[in-house]
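The residues making up each chain are set out below.
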Amino acid sequence: MHQQTPLAAFALTRRRALLATGALLAAGGAGGQSWPAKPIKLVVPWPPGGPTDTGSRIFGLALADRLGQPVVVENRPGASGSIAYQQVIKTPGDGTTFVMLATPTMLAPHLYKSASYHPVNDLLPVGMVYDLPIVLVVNAASLPKVTDLAGLIAEAKSRGGKLDYTSAGPGSFGHLSMEMLKHQGGFDAQHIAYKGSAPAMNDLLGGQVPVMFSDLVAALPHIKSGKLRALAVGSPKRVDIVPDVKTVAEQGFKGFEAVSIGAMMAPKGAPAAAIDRMSSELKAVLAQKDVQDRLVGAGCYAHYMTPAETGRYVTAEFDKWGKVIKDNKLTVE
């Protein structure tokens, strides 16, 4: 029996949705009513205050101005965002509920047995929203001679794999990024996991653990103070707030890319015209300089992609990092 690829199935579902909703939207227009006719709910599977929450409130406010309806952010944290994500999957798709997909939520099915979903196949992509750059840093006092990636690898090899690095926890993006770098660089280092990025950063600054792949904005004040030394960014291109810091790829690891993302998704059944309109408005607000500047302040870089581009990109990232997790036999549960 012939089996459709996920992207082919997505395209077919989208065509059917356009046909099914065309008459309804035409009738609505004749009656003087068009989407959205009521407030939009944007589910954020993380607690208030983090980059996903803050970023969602920034672009959500700009979207509300263009849509003429409030965009209400609803926080539903738990299990790397997988609990909320699975709840939204079961929500009827009427075009008024959306959810933010962050990298930990995207990767949760590879790490949590309870996270039984595919990040794209079980929802409809609306658009990519932002990138969250990460940076490889070392404690400058603990590793005074390590000034670049080659120096770090040489140091790790000289210690026989006993160099420690930290992260926000097993399966965190910093953990996975370092494991991928270790594999490509042919060196070893020991993972010291913490429960959250704040305690990991505290011990990095204290010198208890000298190396970390960190959220760039969290590390930036300490890079500027000289307590931390930035060796490389995981992005495919240099980041303008640290323009002198080379990418990992520039330092001999062609094709290396480790960027945390944020994307907007919708439950299946959402009218295709509503998806198209939301994606179009999302593109418009992310092009606004004030929105871009506020997102940078929250640690995010505006990065719009169309629904189709978002679906392809998220699927590729899901598969790429899934292989890293599988190769390293990583689980959380």
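None of these values were measured; they are calculated from a predicted model.

A look at the packing of helix H6 (residues 173-185) against helix H11 (residues 307-327)
Across the interface, H6 lies against H11 with an axial gap of 10 Å and an inter-helix angle of 75°. Considered as vectors, H6 and H11 are oriented roughly perpendicular to each other. Here H6 contributes Phe173, Leu176, Ser177, Glu179 and Met180 to the contact with H11, which in turn contributes Trp321, Val324 and Ile325. Residue composition of the contact of H6 with H11, by class: 6 nonpolar, 1 polar and 1 charged.

Some remarks on the packing of aromatic side chains
Enumeration over the complete set of coordinates arrives at 2 aromatic pairs. With 5.0 Å between their ring centres and 70° between their planes, Phe173 and Trp321 make a pair best called edge-to-face. In this pair, Phe173 is assigned in helix H6 and Trp321 in helix H11, connecting sequence segments 148 residues apart. In terms of burial, Phe173 and Trp321 fall into one category: buried.

So, the environment of Ala266
Looking at where Ala266 falls in the secondary structure, it is placed in strand S9 (residues 259-266). Spatially, the C-alpha atom of Ala266 lies 9.4 Å from that of Leu42, the residues being 224 residues apart in sequence. Other than its neighbours up to four places away in sequence, Ala266 contacts Thr97, Phe98, Leu123, Leu124, Val126 and Ile275.

Let's talk about helix H8 (residues 216-225)
Looking at H8, one finds that the buried residues are Leu216, Ala219, Leu220 and Ile223. Down the axis of H8, the buried side of the element spans an arc of 125°, and every buried residue falls inside it. One or two steps after H8, the chain reaches Gly226, where phi turns positive at roughly 95°.

Points about the pairing of S9
Of all 8 residues that make up S9, 8 are buried, and the element is covered over most of its length. Burial along S9 is two-sided: Val259, Ile261, Ala263 and Met265 facing one way and Ser260, Gly262, Met264 and Ala266 facing the other are all buried. Both strand S4 (residues 124-139) and S9 contribute to a ladder of 8 bridges, which runs antiparallel. Of the residues in S9, the one forming a bridge with Pro133 is Val259.

Comments concerning the nonpolar core
Residues Leu136, Leu152, Leu181 and Val211 are the most contacted members of the largest nonpolar core, which totals 53 residues. When residues in this core are grouped by element, the largest group, 6 residues, is from H11. The residues touching Leu181, leaving out its near neighbours within four places in the chain, are Leu136, Leu149, Phe187, Phe213, Val248, Phe253 and Phe256. In this structure, Leu42, Leu67, Val71 and Ala274 belong to the second largest nonpolar core, which totals 32 residues.

Looking at the confidence of the model for the protein chain
The predicted coordinates should not be examined in detail at positions where pLDDT is low. Looking at the protein chain as a whole, the pLDDT averages 89, with 90% of positions reaching at least 70. Throughout residues 17-32 the model reports pLDDT below 50, and contacts reaching past four residues in sequence, or to other chains, amount to 9 contacts.

With respect to the packing of helix H2 (residues 51-67) against helix H10 (residues 289-297)
Two elements in contact, H2 and H10, have axes separated by 9 Å at closest approach and are oriented at 170°. Classified by the angle their axes make, H2 and H10 are roughly antiparallel. Of the two elements, H2 crosses H10, and the hand of that crossing is right-handed. Across the interface between the two elements, Gly55, Ile58, Leu61 and Ala62 of H2 pack against Val291, Arg294 and Leu295 of H10.

Observations regarding helix H5 (residues 149-158)
Turning to H5, its buried residues are Leu149, Leu152, Ile153 and Ala156. Seen end-on, H5 carries its buried residues on one side only, within an arc spanning 95°. Exposed residues lying more than 90 degrees from the buried face of H5 are Ala150 and Ser158. Summarising the contacts, the buried residues of H5 are in contact with S4, H6, strand S7 (211-215) and strand S8 (228-233). Just downstream of H5, Gly160 is the residue with a positive phi angle, here 65°.

Considerations on the pattern of salt bridges
Counted under the stated rule, the structure contains 13 salt bridges. For Lys38, the salt bridge goes to Asp94, with nearest N and O atoms at 4.0 Å. Here Lys38 is found in the loop between helix H1 (6-30) and strand S1 (40-44), whereas its partner Asp94 is found in the loop between helix H3 (82-89) and strand S3 (97-102), with 56 residues between them in sequence. Residue class for Asp94 comes out partly exposed when judged on its relative accessible area of 38%. Three or more residues joined by partner-sharing salt bridges are found here, namely Lys41, Glu74 and Arg76.

Some words on unusual backbone geometry
The peptide bond linking Trp35 to Pro36 adopts the cis configuration, its omega dihedral lying at -5°. When you line up the elements, Pro36 lands in the loop between H1 and S1. A positive phi is found at Ser80, a non-glycine position, where the angle reads about 60°. For Ser80, the position within the fold is in the loop between strand S2 (71-75) and H3. With a phi angle near 55°, Lys329 is a residue other than glycine that sits in the positive phi range. Within the secondary structure, Lys329 sits in the segment after H11. For Lys329, a relative accessible area of 71% gives the class exposed.

Reading the values: the criteria
- Residues numbered from 1 in each chain as written.
- Predicted model: local features only at pLDDT ≥ 70, side-chain atom pairs only at ≥ 80, totals over all residues.
- Heavy atoms only, no water.
- Axes fitted to C-alpha atoms, helices over the stretch in contact; angles between N-to-C directions.
- Helix = DSSP H or I, 4+ residues; strand = E, 2+ residues; numbered from the N terminus.
- Parallel < 35°, antiparallel > 145°, perpendicular 65-115°, else oblique.
- Contact = heavy atoms within 4.5 Å.
- Nonpolar A, V, L, I, M, F, W, Y, C, P; charged D, E, K, R; others polar.
- Phe/Tyr/Trp six-rings, centres within 6.5 Å; stacked < 30°, edge-to-face > 60°.
- Buried < 20%, exposed > 50% of the residue type's maximum accessible area, 1.4 Å probe, protein only.
- Arc of directions from axis to C-beta.
- Pairing = 2+ DSSP bridges.
- Core = buried A, V, L, I, M, F, W, Y, C linked by side-chain atoms within 4.5 Å.
- pLDDT = per-residue confidence, 0-100.
- Left-handed = near helix turned anticlockwise from the far one by under 90°.
- Salt bridge = Lys/Arg side-chain N within 4 Å of Asp/Glu carboxyl O.

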